[in-house]
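Here's the letter readout for the chains.
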There are 2 protein chains.
Amino acid sequence: MSSTTPAAKRQKSNKDTPYHLIYWPGIPGRGEHVRLALEEAGATYTDTAHIKDGVNEVLALIDAKHTGDDLNPPICAPPVLKHGDLVINQTPNILLYLGPKLGLAPSPGGDDEDGIYVVNELALTALDGLSNEPHDCHHPIATGLYYEDQKEESLRKSKDYVANRLPKFLGYFERVLKSKASGDGPWLYGGKLTYADLVLFQCVDGIKFMFPKATKKLQDSGDYTGVFALYEAVKDRPKIKEYLASDRRQKYSMGIYRYYEELDVTE
Amino acid sequence: MSSTTPAAKRQKSNKDTPYHLIYWPGIPGRGEHVRLALEEAGATYTDTAHIKDGVNEVLALIDAKHTGDDLNPPICAPPVLKHGDLVINQTPNILLYLGPKLGLAPSPGGDDEDGIYVVNELALTALDGLSNEPHDCHHPIATGLYYEDQKEESLRKSKDYVANRLPKFLGYFERVLKSKASGDGPWLYGGKLTYADLVLFQCVDGIKFMFPKATKKLQDSGDYTGVFALYEAVKDRPKIKEYLASDRRQKYSMGIYRYYEELDVTE
């Protein structure tokens, strides 16, 4: 504890530095949402996924002995963004910080001063239903156990997920895309690309990898044309296209979205 | 879709109205985090929990036929906050909106312009580990099934939760409270009460109800004195104390925090 508050100490001047992403190397994971925002904006950033021994930086930050610094509390889990003297975590929180700075969300001081709360709610909902829940489909009992130790429960949860939860969330975003508030074009809000669109893209991409049969069946139903059109529209953005074809885009492996043939159920 | 963007339509002038909380009557649930912020600030608000047929307002808003309005996309799930022409959901998002307005978080335009991102990350982490995960302890397989249909998996998950996850998250917040960034006093950040403290209070209160034996054991260990001191400090705030003793505070029942004797394990 200290008698000087963070407000008194935080320097506003030292933000003229590249963004630094701290996340597990070897998987897209939740860090991918941050990467896509930085890549779409053409921002300068460094990434522990591509730094020698980058994993050590992740491990040091989440070590139980890490007590934060004068300005920032300790970190619970990656991804973490360092920018100047600010060190923050939680994927939707990092996106909230980056969004207006990267031109990927309405600025709180701009014309649509409350638009950021709409973009944030859409990102939170996509992460809840299309990232956290899929993760729990292979780890329904304990994140500390192997998938192999919870296979039976995983199958039961995956069946419910593809039958009920996945259509529910895709249907929700389809309604968002049809709403007046979405504006013109393929985007979720206000007729402009926001980071919520990038989050939804990454979630759909992950779902296609993890549940290819169920996703194809839902796509073929024709009930979610807006969602899949948004997916293609993001994929076709020049900077995203270049990024996805580059070595910076890591392959899915043992992260949030995993392919287990036995979980790729359709009902 | 519409060719006029929300930015052009949203009126800045009609925010001089009470806050309106739309949430399931009969449980504290996730709506409780919003209530505690409004109560601590002494804000004027209305609440569907205390309006005749208030549940119909919840049902209308989350109906699959609801398409939002010109400014706001449809809503996926409650709690929902209406304020003027803004309609937003997602608990951490509503708190993010209310926090600076209620004096419960640093203002983005104030001295600690990035403090809101610290408060938001702390609230998100408390909700992840001490609200969402406890919910999943009685619904590990499917939210659409009864607890009775997933009892075996619930027991297995609860055992892991009290042995591993609950100590992990309490330990994390204990480290936050010991960090320099927490400042003086019992609070998580900057030496001042923020909505993150209220969120952590409500989470600990729920955990004490759901896992009384495990929580007592952890409290008695003496390893989390800061967390439990924060809990008592919030409980003793004059407006919170009055609120908790009032009819407005609903009892735990079949919401996020549920007491099942068989899940109240200690190891």
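These numbers come from a predicted model, not from an experiment. (Residues numbered from 1 in each chain as written. Chains lettered and ligands numbered in written order. Predicted model: local features only at pLDDT ≥ 70, side-chain atom pairs only at ≥ 80, totals over all residues. Heavy atoms only, no water.)

J.: Just give me the short version of the UniProt feature "domain: GST C-terminal" (unreviewed entry) in chain A, but keep the residues and values in it.
T.: Mapped onto the present numbering, the UniProt feature "domain: GST C-terminal" (unreviewed entry) falls on residues 120–253 of chain A. Span residues 120–253 of chain A is 67% helix and 0% strand, its end C-alpha atoms 28 Å apart. (UniProt positions renumbered as here; feature names shortened; annotations may be inferred. Helix = DSSP H or I, 4+ residues; strand = E, 2+ residues; numbered from the N terminus.)

J.: Tell me about the domain arrangement of chain A, residues and numbers included.
T.: It is common to report an interface's size as the accessible area lost on association of the parts. All names here are of chain A. Taken domain by domain, chain A consists of domain 1 (19–102) and domain 2 (114–263). Placing a centre on the C-alpha atoms of domain 1 and another on those of domain 2 gives a separation of 21 Å. Carbon and sulfur atoms make up 64% of the surface buried where domain 1 meets domain 2, a total of about 2200 Å² over both sides. Taken together, domain 1 and domain 2 are joined by 3 salt bridges. With its nearest N and O atoms 2.7 Å apart, the salt bridge here joins glutamate 40 to arginine 237. For the interface between domain 1 and domain 2, the tally reads 8 residue pairs in polar contact (both at pLDDT 80 or more). Broken down by secondary-structure element, the contributors of at least two residues to the side of domain 1 that touches domain 2 are α2 (31–41) and α4 (91–101). Of the residues that constitute the side of domain 1 that touches domain 2, the class distribution is 12 nonpolar, 7 polar and 5 charged. (Domains from an automatic or database assignment. Buried area = accessible area lost by both parts, 1.4 Å probe. Salt bridge = Lys/Arg side-chain N within 4 Å of Asp/Glu carboxyl O. Polar contact = N/O pair within 3.5 Å; in protein donor to acceptor, adjacent residues only side chain to side chain. Nonpolar A, V, L, I, M, F, W, Y, C, P; charged D, E, K, R; others polar.)

J.: So what's going on with the relation of the copies chain A and chain B? Residues and values would help.
T.: Each copy of the sequence occupies a distinct position, and chain A is placed on chain B by a rotation of 180 degrees and an axial shift of 0.0 Å, giving an RMSD of 0.0 Å. In symmetry terms, the pair is related by a two-fold rotation axis. By C-alpha distance to the rotation axis, the residue of chain A lying nearest is Pro140(A), at 3.0 Å. (Least-squares fit on C-alpha atoms with pLDDT ≥ 70 in both.)

J.: Could you give me a rundown of the environment of Gly206(B), with the residues and numbers involved?
T.: Structurally, the position occupied by Gly206(B) is in helix α7 (residues 195–210). With 24 residues separating them in the primary sequence, Gly206(B) and Ser182(B) have C-alpha atoms 24 Å apart.

J.: Go over the packing of aromatic side chains, please, and point to the residues and values.
T.: Two numbers describe a pair of aromatic rings. These are the distance of the centres and the angle of the planes. The tally for this structure, following the rule as stated, stands at 16 aromatic pairs over all chains. Ring centres of Tyr252(B) and Tyr257(B) lie 6.0 Å apart, and the angle between their planes is 90 degrees; this geometry places the pair in the edge-to-face category. Here Tyr252(B) and Tyr257(B) have matching classes, each one buried. In textbook terms, an aromatic cluster arises when at least three aromatic residues are bridged by ring pairs, as seen for Phe209(A), Tyr252(A), Tyr257(A) and Tyr259(A). (Phe/Tyr/Trp six-rings, centres within 6.5 Å; stacked < 30°, edge-to-face > 60°. Buried < 20%, exposed > 50% of the residue type's maximum accessible area, 1.4 Å probe, protein only.)

J.: Lay out α2(A) in plain terms, naming residues and giving numbers.
T.: Residues and elements named next belong to chain A. Counting buried residues in α2 gives 10 out of 11 residues, a clear majority hidden from the surface. In this structure, the buried side of α2 is in contact with β1 (19–22), β2 (45–47), α4, α5 (115–138), α7 (195–210) and α10 (238–244). Count one or two residues on from α2 and you reach glycine 42, which has phi positive near 65 degrees. (Contact = heavy atoms within 4.5 Å.)

J.: Give a detailed account of the nonpolar core, specifying residues and quantitative values.
T.: By size, the foremost hydrophobic cluster in this structure holds 138 residues, and its most contacted members are Tyr195(A) and Tyr195(B). Contacts of Tyr195(A), omitting those with residues within four sequence positions, involve Leu95(A), Leu96(A), Gly99(A), Leu104(A), Ala105(A), Ile116(A), Val119(A), Asn120(A) and Ala123(A). (Core = buried A, V, L, I, M, F, W, Y, C linked by side-chain atoms within 4.5 Å.)

J.: Go over the environment of Asn164(B), please, and point to the residues and values.
T.: Residues and elements named next belong to chain B. With respect to the element layout, asparagine 164 can be found in helix α6 (residues 151–178). Residue class for asparagine 164 comes out partly exposed when judged on its relative accessible area of 45%. Note: C-alpha distance between asparagine 164 and glutamate 267 (103 residues apart in sequence) is 9.3 Å.

J.: Which residues make up the sheet that holds β2(A), and what values go with them?
T.: All names here are of chain A. Spatially, β2-β1-β3-β4 is the arrangement adopted by the 4 strands of the open sheet, whose pairing is mixed. The open sheet has two free edges, formed respectively by β2 and β4 (86–89), since each of these has just one partner strand. For this sheet, the mean inter-axis angle between neighbouring strands, taken without regard to orientation, is 20 degrees. Pairing analysis gives 4 bridges linking strand β3 (residues 80–83) to β4, with the strands arranged antiparallel. Note that in β4 the partner of lysine 82 across the bridge is valine 87. (Pairing = 2+ DSSP bridges. Axes fitted to C-alpha atoms, helices over the stretch in contact; angles between N-to-C directions.)

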